[in-house]
Amino acid sequence: VATDKDNGLLLYKEDSDPLALELYQGHIRLIYHIADYPPTTVYSVESVSDGLFHTVELLIQNHSLSLVVDNGAPKSLDKLLPQPSIDHNTQLYIRGSTGNPRTSVTEQPEEEEPPGPQRASTSIPATTSPSPLALLSQTEGFLPGCHSCSVCAQGACRQSGEMGVTCECLPGRSGALCDQKTAPSPCQSSRCVHGLCVPKGQLYSCQCAAGFQGQYCDRRQPPPACRGQRCGHGECRVSETGEPVCHCQAGYTGPTCDTELTCHGEVVREQLRRHHPMKTCTSTSKIPRMDCPRSCQASAPPGVCCGPTKSRRRKAVFRCTDDTSYSEEMETATECGCAKCPL
């Protein structure tokens, strides 16, 4: 049985000695002597309304009934009236149908609703042995096996033939029903660039691919000719003649890329104007900014220009020709330096 309902009918046997097996407040309740009041009742200790699969066994032997849930301790009824057995001519109702709830396992349809508890849907496997129960698989609303997609705690539920369902778990979940939490893999946030992430507990390391090195495998291994060659702010490459040469980052120069290129700007103070429809606005004070020259030092390689490297936000007040005023925040350069030329 797999259900998330708290109340409902699991099995009802209709004959001169009727009995009912039902869900009551999440537990299994066996009702016997339904025609008497009060009827004889047995409750299971186990709760089965958690959406997971549970086994429910009803054993009839020597005029006694035993109810066993999940292989637990049996709950028994003794000194029953004779003939508690079920024969193939008895009307037997098994819930779980989405079709006609009055269809029985015999070929004759039931004319009246049998007395007893109200029905509620759940999932109960139908037998596959050659018996009148096999007719259930030919009846609308019945499927062989345990088809219940309500059992997956999380993730997607997939039908898997006649044997039941399969749960496809989301990240961080595991187990047949995706009901177990698993610690997320540290490799989900891996920064390995050219390598394989190897989890180590809650941490990870990067196993670099051939030709790469570094903590995150983000740097190429130097050619054999560059081994021992120091390039402070650059990368060693082999020239056409086979000699190691340092290729410097923007803003650095020298044989070992240790000399920082510099350029000096000039502080300019000026009033700013803003042109709007029907009015012109002028800043009430002069705003200072650093004016950077275009070129860097003469030793700078091609593609390196002088430009702002630091800035700060300033607030300026503008007064307009229509006697209105407003304030505006702006970014102004405060320092110049050599860097890659803008496109």
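Report follows, based on the coordinates.

Regular strands place side chains that alternate from one sheet face to the opposite one. Examined bridge by bridge, strand β13 (residues 195-200) and strand β14 (residues 203-208) share six bridges and lie antiparallel to one another. When the sheet's bridge partners are listed, K200 is paired in β14 with L203. Counted along the chain from β13 to the antiparallel partner β14, the turn is two residues long, and its residue G201 has a positive phi close to 70°.

At C257, a residue that is not glycine, the phi angle is positive and equals roughly 55°. Here C257 lies in the loop between β19 (252-253) and β20 (259-260). For C257, a relative accessible area of 0% corresponds to the buried category. Residue M278 is not a glycine yet carries a positive backbone phi of 75°. Within the fold, M278 resides in the loop between β22 (273-276) and β23 (279-283).

Here we take up the state of the cysteines. Under the definition given, this model contains 12 disulfides. Across a sulfur-sulfur distance of 1.8 Å, C231 and C246 are joined as a disulfide pair. On the sign convention where negative is left-handed, the bridge of C231 and C246, at about -80° about the S-S bond, is left-handed. Of this pair, C231 sits in the loop between β16 (219-220) and β17 (234-238) while C246 sits in strand β18 (residues 244-248), and the two are 15 residues apart along the sequence. A single burial state applies to C231 and to C246, both of which are buried. Here C305 connects covalently by a disulfide to C341, the sulfurs 1.7 Å from one another. Note on the C305 and C341 pair: the S-S dihedral is about 90°, so by sign convention the disulfide is right-handed. You can see C305 sitting in strand β25 (residues 304-320) and its partner C341 sitting in the segment after β26 (325-340), a full 36 residues away along the chain. Each member of the pair, C305 as well as C341, is classed as buried.

Okay, the nonpolar core next. Membership of the largest hydrophobic core comes to 13 residues, with the highest contact counts inside it found for I28, L30 and L67. With 11 residues, the next largest nonpolar core counts L261, A300, C306 and C338 among its residues.

Attention shifts here to the environment of L23. With respect to the helices and strands, the residue L23 is situated in strand β2 (residues 19-24). Separated by 17 residues in the primary sequence, L23 and D6 place their C-alpha atoms 6.3 Å from one another. L23 has contacts with T3, K5, D6, N7, G8, L10, I28 and V48, leaving out every residue within four places of it along the chain.

Judged by pairing direction, the sheet is antiparallel, and its four strands sit side by side in the order β22-β23-β25-β26 without closing on themselves. Each edge of the open sheet carries a strand with a single partner, namely β22 and β26. Sheet twist, expressed as the average angle between the axes of neighbouring strands with direction ignored, equals 30°. Relative to β25, β23 runs antiparallel, the two sharing three bridges. In the strand pairing of β25, C281 is matched with C320.

Looking now at the pattern of salt bridges. Evaluation of the coordinates by the stated rule reveals 11 salt bridges. Of the charged contacts, one joins E328 and R274 as a salt bridge, the two residues approaching to 3.2 Å between their closest N and O atoms. Highlighted residues: E328 in strand β26 and R274 in strand β22, separated in sequence by 54 residues.

For C231, a relative accessible area of 14% puts it in the buried group. In sequence terms C231 and P255 are 24 residues apart; their C-alpha atoms lie 7.9 Å from each other. Setting aside its immediate chain neighbours within four residues, C231 contacts C236, C246 and T256.

Structurally, T332 can be placed in strand β26. By relative accessible area, which is 7% here, T332 ends up buried. A distance of 2.9 Å separates a polar atom in the side chain of T332 from a polar atom in the side chain of R314. In contact with T332, not counting residues within four places along its chain, are I287, P288, R289, S311, R312 and R314.

Counted under the stated rule, the structure contains one aromatic pair. Ring centres of F318 and Y326 lie 5.4 Å apart, and the angle between their planes is 10°; on these two criteria the pair is classed as stacked. A relative accessible area of 25% places Y326 in the partly exposed class. The ring of Y24 carries the charged tip of R29 above its face, separated from the ring centre by 4.0 Å. Above the face of the Y216 ring, R191 is positioned so that its terminal group lies 4.3 Å from the ring centre.

About the thresholds
- Residues numbered from 1 in each chain as written.
- Predicted model: local features only at pLDDT ≥ 70, side-chain atom pairs only at ≥ 80, totals over all residues.
- Heavy atoms only, no water.
- Pairing = 2+ DSSP bridges.
- Helix = DSSP H or I, 4+ residues; strand = E, 2+ residues; numbered from the N terminus.
- Buried < 20%, exposed > 50% of the residue type's maximum accessible area, 1.4 Å probe, protein only.
- Disulfide = S-S within 2.5 Å.
- Core = buried A, V, L, I, M, F, W, Y, C linked by side-chain atoms within 4.5 Å.
- Contact = heavy atoms within 4.5 Å.
- Axes fitted to C-alpha atoms, helices over the stretch in contact; angles between N-to-C directions.
- Salt bridge = Lys/Arg side-chain N within 4 Å of Asp/Glu carboxyl O.
- Polar contact = N/O pair within 3.5 Å; in protein donor to acceptor, adjacent residues only side chain to side chain.
- Phe/Tyr/Trp six-rings, centres within 6.5 Å; stacked < 30°, edge-to-face > 60°.
- Lys NZ or Arg CZ within 6 Å of the ring centre and 35° of its normal.

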